[in-house]
Amino acid sequence: MSDNRIPTLSPTAVATPGTPAVPPAPVAPAPVRSATAVLTPLGLLTVLLGAALPMIDFFIVNVALPTIGSDLHAGTATLEMVVAGYGVAYAMLLVLGGRLGDMVGRRRLFLWGLAAFGITSLACGLAPDAWTLVAARVAQGAAAALLLPQALATIQATTSGRRRAKAVSLYGGTAGISSALGQVLGGLLVSADLAGTGWRAVFLVNVPIAAAAWLLAARTVPETRSPHPTRVDGPGTVLLAATLITLLLPLTEGRAAGWPLWSWLLLAAFPFAATAFAVVERRAERAGRTPLLPPSLLRIPSVHSGLSVIVPFSVGFGGFMFVVAVALQTGLHYGPFAAGLALLPLCLTFFLASLAGPRLVQRFGRRVVTAGSLIQAAGLAGLALTIHAGWPGVSVAGLAPSMAVLGLGQGMVLPVLLRIVLSELPVAQAGVGGGVMVTTQQSGLALGVATLGTLFLSLLPTLGTRDALLAALLTQLALVLGTTALTFRLPRTLR
């Protein structure tokens with residue numbers, strides 16, 4: 001029998017606009033190399049550890065939201081802000097964070113970002129009330145925007161050839177590990193209630209990790225920066241922030257607040273903000289200045305075609321993570337820890353596929369992405385059949401085969417897409433290209449949570465959990481098949 005109960009949290013209360021789907025970071029334009037500007041294996045591990053922190057934090061907070069609401073007497077809309085405040089601040093400042101790293105040094109910004117992330121995590125863990133927690137989460141998102149862009153930028157600046165391809169694939173695989181680890185770790189920490197900290201442990205755990213990463217980075221990560229850094233594009237930065245806020249804030253907060261007038265006004269303002277941003281950036285480039293997002297960047301075939309695939313991929317990933325998290329916990333009555341364990345097969349195969357990516361791409365080119373997209377579709381179809389046939393007695397083990405196939409396909413798609421977008425970028429635009437890639441990804445994740453999540457919740461009262469989940473999975477399957485068609489526009493081979 002289907003479970004008709006409606007979850008108390010709206011889409012973004014369980015999955016944030018920015019979860020793992022693999023947030024990539026800007027790469028370095030024309031890095032300054034020296035004899036010591038080489039990333040050692042320990043340095044690479046440190047960079048990946050720093051990059052994993054913001055990714056894990058997207059998911060680790062989700063399982064703690066009900067406990068936060070009970071302890072701090074916070075309503076659904078306030079809990080939404082705990083999630084949305086982080087995600088919006090993160091997406092809004094990513095390109096700026098990458099540009100600042102080009103200017104003042106990526107190692108320096110990486111250290112600053114780690115310190116700020118640790119301090120803001122401590123503030124979250126000690127928050128005495130809900131709105132203090134919201135403010136600390138916004139600051140934490142800003143710290144993540146300083147930290148994360150420097151990771152792939154450092155990899156790009158200090159590696160080359162096969163070492164770079166392997167490092168980029170490891171970076172891509174880190175997202176798959178981080179997504180499931182965040183869910184599992186969050187459930188474990190909340191249930192363990194270490195020293196009576198309860199939900200606060202999901203934030204406090206970041207403090208010693210950030211401190212250890214800071215000490216390692218200070219010793220193992222070389223400094224790089226652009227030899228010809230450009231000034232920050234003030235008007236472009238403000239208009240990009242306005243564009244993202246008018247889109248992401250109403251989509252993440254509107255439903256929880258009952259779609260008040262302000263949410264519709266912001267959505268109505270979005271096309272005007274986006275148009276103003278495009279006009280200002282075009283004029284800046286024509287005048288010989290360096291805009292935040294050079295319009296000429298989008299005319300590069302690999303960038304245009306790569307982003308056109310990243311958008312629907314991110315929409316599907318963001319919606320999937322939300323819908324499955326809600327269905328497992330409310331429909332199948334999994335606890336937070338079991339719901340996280342159900343994602344482990346996806347996480348592991350994603351990581352293994354990302355490791356195999358460089359060799360596969362070298363031999364098969366863009367066909368790797370096409371094949372990965374088809375494998376992802378097979379995993380979704382298998383998951384839908386498993387849910388349809390086994391509900392309500394579907395176990396974690398029963399979900400494992402389809403989850404593993406799904407992760408294998410996703411791991412073949414996303415890391416390769418990162419390489420494709422970056423492959424034809426001029427040296428002078430490499431950093432901003434990575435920033436555009438991250439921001440596009442974050443926006444796609446937010447749209448996925450809002451669209452597929454809203455579809456699932458709207459069907460829940462009439463169809464029940466099983467059929468509402470099946471409708472969402474089949475909708476994502478259609479989206480994946482459309483994405484597969486777009487892969488034929490990608491460059492045949494990678495430079």
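Residues numbered from 1 in each chain as written. Predicted model: local features only at pLDDT ≥ 70, side-chain atom pairs only at ≥ 80, totals over all residues. Heavy atoms only, no water.

Asks: Explain the packing of helix H15 (residues 344-364) against helix H17 (residues 396-423) to me, using residue names and the numbers behind them.
Replies: As a packed pair, H15 and H17 sit with axes 7 Å apart at the nearest point and diverge in direction by 40°. Overall, the two elements H15 and H17 adopt an arrangement that is oblique. Crossing of H15 over H17 shows right-handed handedness. Among the residues forming the contact of H15 with H17, the class breakdown is 15 nonpolar, 5 polar and 1 charged. (Axes fitted to C-alpha atoms, helices over the stretch in contact; angles between N-to-C directions. Helix = DSSP H or I, 4+ residues; strand = E, 2+ residues; numbered from the N terminus. Parallel < 35°, antiparallel > 145°, perpendicular 65-115°, else oblique. Left-handed = near helix turned anticlockwise from the far one by under 90°. Nonpolar A, V, L, I, M, F, W, Y, C, P; charged D, E, K, R; others polar.)

Asks: Break down empty space enclosed by the protein for me, with residues and values.
Replies: For the coordinates displayed, the defined rule picks out 3 cavities of 30 Å³ or more. One number sums up the size of the second largest cavity: a volume of about 50 Å³. Together, Val324, Ala327, Leu328, Leu383, Ile387, Leu399, Met403, Leu469 and Leu473 line the second largest cavity. Those elements that provide at least two residues to the lining of the second largest cavity are helix H13 (301-331), helix H16 (367-390), H17 and helix H18 (430-486). (1 Å grid on protein atoms, 1.4 Å probe; cavity = no way out; pocket = protein on both sides within 12 Å on 5 of 7 lines; lining within 4 Å. Points joined across faces, edges and corners; volume = space filled by probe spheres on them.)

Asks: Which residues make up helix H10 (residues 206-220), and what values go with them?
Replies: Residues that lie three or four places apart on an α-helix share one face, since the helix turns once every 3.6 residues. The end-to-end C-alpha distance of H10 is 20 Å, a good match for the 21 Å that 15 residues give at a rise of 1.5 Å each. Next to the buried residues of H10 lie helix H2 (41-60), helix H5 (106-125), helix H6 (130-147) and helix H9 (201-204). (Expected span 1.5 Å × (residues − 1). Contact = heavy atoms within 4.5 Å.)

Asks: Got a sec to walk through the packing of H5 against H6? Specific residues and values, please.
Replies: One way to put it is that H5 packs onto H6 with a least axis distance of 8 Å and a crossing angle of 165°. With respect to H6, the axis of H5 lies roughly antiparallel. The two elements H5 and H6 cross, and the hand of that crossing is left-handed. Contact residues: Leu109, Phe110, Gly113, Leu114, Ala116, Phe117, Thr120, Ser121, Ala123 and Cys124 in H5; Leu133, Ala136, Arg137, Ala139, Gln140, Ala143, Ala144, Leu146 and Leu147 in H6.

Asks: I'd like a description of the nonpolar core, backed by residues and values.
Replies: In terms of nonpolar packing, the biggest core is built from 106 residues, with Ile155, Tyr171, Phe320, Leu399 and Phe456 touching the most fellow members. Broken down by element, this core gets its largest block of residues, 16 residues, from H18. In this structure Leu399 touches Leu328, Tyr334, Ala342, Leu383, Thr386, Ile387 and Val394, once residues within four positions along its chain are discounted. (Core = buried A, V, L, I, M, F, W, Y, C linked by side-chain atoms within 4.5 Å. Buried < 20%, exposed > 50% of the residue type's maximum accessible area, 1.4 Å probe, protein only.)

Asks: Run through the pattern of salt bridges, naming residues and quoting values.
Replies: Inspection of every chain in the model, using the stated rule, returns 3 salt bridges. A salt bridge links Asp57 to Arg137; its shortest N-O distance comes to 2.8 Å. Taken together, the residues span a long stretch of sequence, with Asp57 in helix H2 and Arg137 in helix H6 at a distance of 80 residues. Across the pair, Arg137 and Asp57 agree in class, each one buried. Note that Arg466 and Asp467 form a salt bridge whose closest N and O atoms lie 3.0 Å from each other. (Salt bridge = Lys/Arg side-chain N within 4 Å of Asp/Glu carboxyl O.)

Asks: So what's going on with the packing of aromatic side chains? Which residues, and what values?
Replies: Inspection of every chain in the model, using the stated rule, returns 4 aromatic pairs. Seen in terms of ring centroids, Trp259 and Trp264 are 5.4 Å apart; in terms of plane orientation they differ by 35°. Their pairing is tilted. Judged by relative accessible area, which is 31%, Trp259 ranks as partly exposed. Arranged with centres 6.4 Å apart and planes meeting at 15°, the rings of Phe313 and Phe317 form a pair that is stacked. On the criterion of helical spacing, the pair formed by Phe313 and Phe317 is a turn pair, its members being 4 residues apart in helix H13. Here Phe313 and Phe317 have matching classes, each one buried. (Phe/Tyr/Trp six-rings, centres within 6.5 Å; stacked < 30°, edge-to-face > 60°.)

Asks: Any chance you could break down the side chain of Ser263 for me, citing the residues and the numbers?
Replies: Assignment of secondary structure puts Ser263 in helix H12 (residues 261-286). The residues touching Ser263, leaving out its near neighbours within four places in the chain, are Pro250 and Gly254.

Asks: Lay out a positive patch on the surface with the relevant residues and their values.
Replies: A contiguous patch of positive charge, built from Arg282, Arg283, Arg286 and Arg299, is present on the exposed surface. Look at Arg283 and you get exposed, because its relative accessible area is 59%. (Patch = residues over 30% accessible without salt bridge, like charges linked within 9 Å, V, L, I, M, F, W, Y side chains within 5 Å. Areas by Shrake-Rupley, 256 points an atom, 1.4 Å probe, with all protein chains shown as cover. Lys, Arg positive; Asp, Glu negative; His and termini not counted. Charge placed at Lys NZ, Arg CZ, Asp CG, Glu CD.)

Asks: Outline unusual backbone geometry, listing residues and values.
Replies: Negative phi characterises most residues that are not glycine, and trans characterises most peptide bonds. With an omega dihedral of 0°, the bond running from Trp391 to Pro392 counts as a cis peptide bond. Following the sequence through the fold, Pro392 ends up in the loop between H16 and H17. Positive phi, normally seen in glycine, also occurs at Ala195, with a value near 50°. For Ala195, the position within the fold is in the loop between helix H8 (161-192) and H9. The exposure class of Ala195 is exposed, given its relative accessible area of 84%.

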